[in-house]
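# Fold and geometry: a report
What follows is each chain in one-letter form.
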Amino acid sequence: MRPPCSLRHTPGGMIGAMSELHDPVLRWYADHARELPWRGPGASPWRVMVSEFMLQQTPVARVVPVFEAWLETWPTPADLAAAPSGEAVRAWGRLGYPRRALRLHAAATAITEQHGGEVPDAYADLIALPGVGDYTASAIASFAFGHRHAVLDTNVRRVFARAVSGTEFPGTAVTRPERELAESLVPDEEPATWAIAVMELGALVCTAAAPRCGSCPVQDRCAWWAAGRPAYDGPPRRGQAWAGTDRQVRGRLMAVLRDEPGTVSAGRLEQAWAEPVQRERALASLVADGLVVRVGDRFALPD
DNA sequence: AACCCGTGGTG
DNA sequence: TCACCAAGGGT
């Protein structure tokens, strides 16, 4: 039997609800964990790191094929660092937010130059890398190296919001009590398994839109369920405008550049978006981001 | 703190 | 159908 949950920290005085979560969640995970190419004993820290970059705001199903091809092409950080950043952007394909590809390339360069080509295991070294924030640093330190960290992603935050706090969704930003709760729940033994188990539960059962409470291992311990699944009552959560935004235009332009092996004429970009003011603004922002370079009167992905 | 950054699946 | 949202990070 696992020892009872640590009671060192008791935010909110919710010890009872907290300490009962571990065993059912871990048992559920043992039976329902997906086999993913960045999991398992064969998963190198680099594989974990690449997967975490790709999974930032992008669903698992879309990541898997790109991930496989990526690791085939660049099996180590040094391999990626040796390639032109534009090739990383091209290989990123349609995962979205292509600045992530640029940041992953920059992180690989930093790892090659400053860490002997090995993904660092310390949170402080990880979060210093481009494109690595609190979540990604915690995830790599935990999943790749087994370190004890609270891994707070959108899934984990939602599970704790419901099971412990009794609200349908967490707040916009991570609060101090929320972080302390998450940290208090991380077990001393196999903390990475706990982190990934809660995340998986949020991804497969305690989902945002249509939670499968009938299949949930902690339904009988869930504060939100006990309260009758009350509807979200917090501040309105901002939507993500799309049609007509610069993001849409940038996406159009990047799609053209990805699909061309060499340079692209200005005329070809005009076909992607007719309205000149917004097109030029978007193109300028792509150049400023380093996603596009001007080559004479033509355009291309960077070297 | 609020806003920006892609893309596509889904209920 | 269309609003919602997905293993966030940077500014």
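Residues numbered from 1 in each chain as written. Chains lettered and ligands numbered in written order. Predicted model: local features only at pLDDT ≥ 70, side-chain atom pairs only at ≥ 80, totals over all residues. Heavy atoms only, no water.

### Notes on the protein's contact with DNA strand C
Surrounding DNA strand C, one finds 26 residues, the nearest of these being Leu 55, Thr 136, Ala 208, Arg 237 and Gln 240. Within 4 Å of the protein, the contacting atoms of DNA strand C are 60% sugar and phosphate, with bases supplying the remainder. At 2.9 Å, a side-chain N or O of Trp 38 approaches a base nitrogen of DNA strand C. The separation between a phosphate oxygen of DNA strand C and a polar main-chain atom of Tyr 135 is 3.3 Å. Elements that contribute at least two residues to the surface near DNA strand C include exactly helix H7 (99–114), helix H9 (134–143) and helix H10 (154–165). Grouping the constituent residues of the surface near DNA strand C by class yields 9 nonpolar, 8 polar and 9 charged. (Near = heavy atom within 4 Å. Polar contact = N/O pair within 3.5 Å; in protein donor to acceptor, adjacent residues only side chain to side chain. Helix = DSSP H or I, 4+ residues; strand = E, 2+ residues; numbered from the N terminus. Nonpolar A, V, L, I, M, F, W, Y, C, P; charged D, E, K, R; others polar.)

### Some words on the packing of helix H14 (residues 246–259) against helix H16 (residues 276–289)
Between H14 and H16, the shortest axis-to-axis distance is 9 Å and the interhelical angle comes to 70 degrees. Viewed along their axes, H14 and H16 adopt a mutual orientation that is roughly perpendicular. Of the residues in H16, those in contact with Asp 246, Val 249, Arg 250, Leu 253 and Met 254 of H14 are Gln 278, Arg 279, Arg 281, Ala 282, Leu 283, Ser 285, Leu 286 and Asp 289. Partitioning the contact of H14 with H16 into residue classes produces 6 nonpolar, 2 polar and 5 charged. (Axes fitted to C-alpha atoms, helices over the stretch in contact; angles between N-to-C directions. Parallel < 35°, antiparallel > 145°, perpendicular 65-115°, else oblique. Contact = heavy atoms within 4.5 Å.)

### Notes on the domain arrangement of chain A
Segmenting chain A into domains produces domain 1 (11–35 + 149–226), domain 2 (45–143) and domain 3 (246–300). Taking the mean C-alpha position of each, domain 2 and domain 3 sit 24 Å from one another. Listed by partner, the interface residues are 8 residues for domain 2 and 11 residues for domain 3. A combined buried area of about 760 Å² lies between domain 2 and domain 3, and 54% of that area is made up of carbon and sulfur atoms. For the domain 2 face of the interface with domain 3, the top three residues by lost area are Arg 90, Arg 99 and Leu 102, together amounting to 53%. At the surface where domain 2 touches domain 3, the tally comes to 1 salt bridge. As a salt-bridge pair, Asp 289 and Arg 99 come within 3.9 Å of each other at their nearest N and O atoms. Here domain 2 and domain 3 share 5 residue pairs in polar contact (both at pLDDT 80 or more) between them. The set of elements that each furnish at least two residues to the side of domain 2 that touches domain 3 consists of helix H6 (85–92) and H7. (Domains from an automatic or database assignment. Buried area = accessible area lost by both parts, 1.4 Å probe. Salt bridge = Lys/Arg side-chain N within 4 Å of Asp/Glu carboxyl O.)

### Things to note about the UniProt feature "domain: HhH-GPD" (unreviewed entry) in chain A
The feature "domain: HhH-GPD" (unreviewed entry), as annotated in UniProt, sits at residues 54–204 in this numbering. The span residues 54–204 is 63% helical and 0% strand by assignment, and the distance between its end C-alpha atoms comes to 19 Å. (UniProt positions renumbered as here; feature names shortened; annotations may be inferred.)

### Details of empty space enclosed by the protein
Summed over the entire model, instances satisfying the criterion amount to 2 cavities of 30 Å³ or more. In this structure, the largest cavity occupies an estimated 120 Å³ of space. Along the wall of the largest cavity there are 15 residues; nearest its centre are Cys 206, Cys 213, Cys 216, Val 218 and Cys 222. Elements represented by at least two residues in the lining of the largest cavity include exactly H10 and helix H13 (223–226). Of the residues forming the lining of the largest cavity, the biggest block, 3 residues, is contributed by H10. Looking at the lining of the largest cavity, its residues break down into 12 nonpolar, 1 polar and 2 charged. What the second largest cavity holds in volume is close to 70 Å³. Every residue lining the second largest cavity is listed: His 149, Ala 150, Val 151, Val 156, Phe 160, Ala 182, Val 186, Pro 191, Trp 194, Ala 195 and Val 198. (1 Å grid on protein atoms, 1.4 Å probe; cavity = no way out; pocket = protein on both sides within 12 Å on 5 of 7 lines; lining within 4 Å. Points joined across faces, edges and corners; volume = space filled by probe spheres on them.)

### Some remarks on helix H12 (residues 191–204)
Taking 1.5 Å per residue as the helical rise, H12 with its 14 residues ought to reach 20 Å, and the 20 Å between its terminal C-alpha atoms agrees with that figure. Of all 14 residues in H12, 11 are buried; the element is thus mostly enclosed. Of the residues making up H12, those classed as buried are Pro 191, Ala 192, Trp 194, Ala 195, Ile 196, Ala 197, Val 198, Met 199, Glu 200, Leu 201 and Gly 202. The secondary structure elements touched by the buried residues of H12 are helix H2 (22–32), H9, H10 and helix H11 (176–185). (Expected span 1.5 Å × (residues − 1). Buried < 20%, exposed > 50% of the residue type's maximum accessible area, 1.4 Å probe, protein only.)

### Some remarks on the protein's contact with DNA strand B
The environment of DNA strand B is made up of 17 residues, and the closest members are Arg 94, Pro 98, Arg 247, Arg 250 and Gly 251. Each atom of DNA strand B within 4 Å of the protein belongs either to a base or to sugar and phosphate, the latter forming 61%. A distance of 3.0 Å separates a base nitrogen of DNA strand B from a polar backbone atom of Leu 95. Tyr 97 is positioned such that a nitrogen or oxygen atom in its backbone is 2.8 Å from a sugar or linking oxygen of DNA strand B. When residues in the surface near DNA strand B are grouped by element, the largest group, 5 residues, is from H14. Grouping the amino acids of the surface near DNA strand B by side-chain chemistry returns 4 nonpolar, 5 polar and 8 charged.

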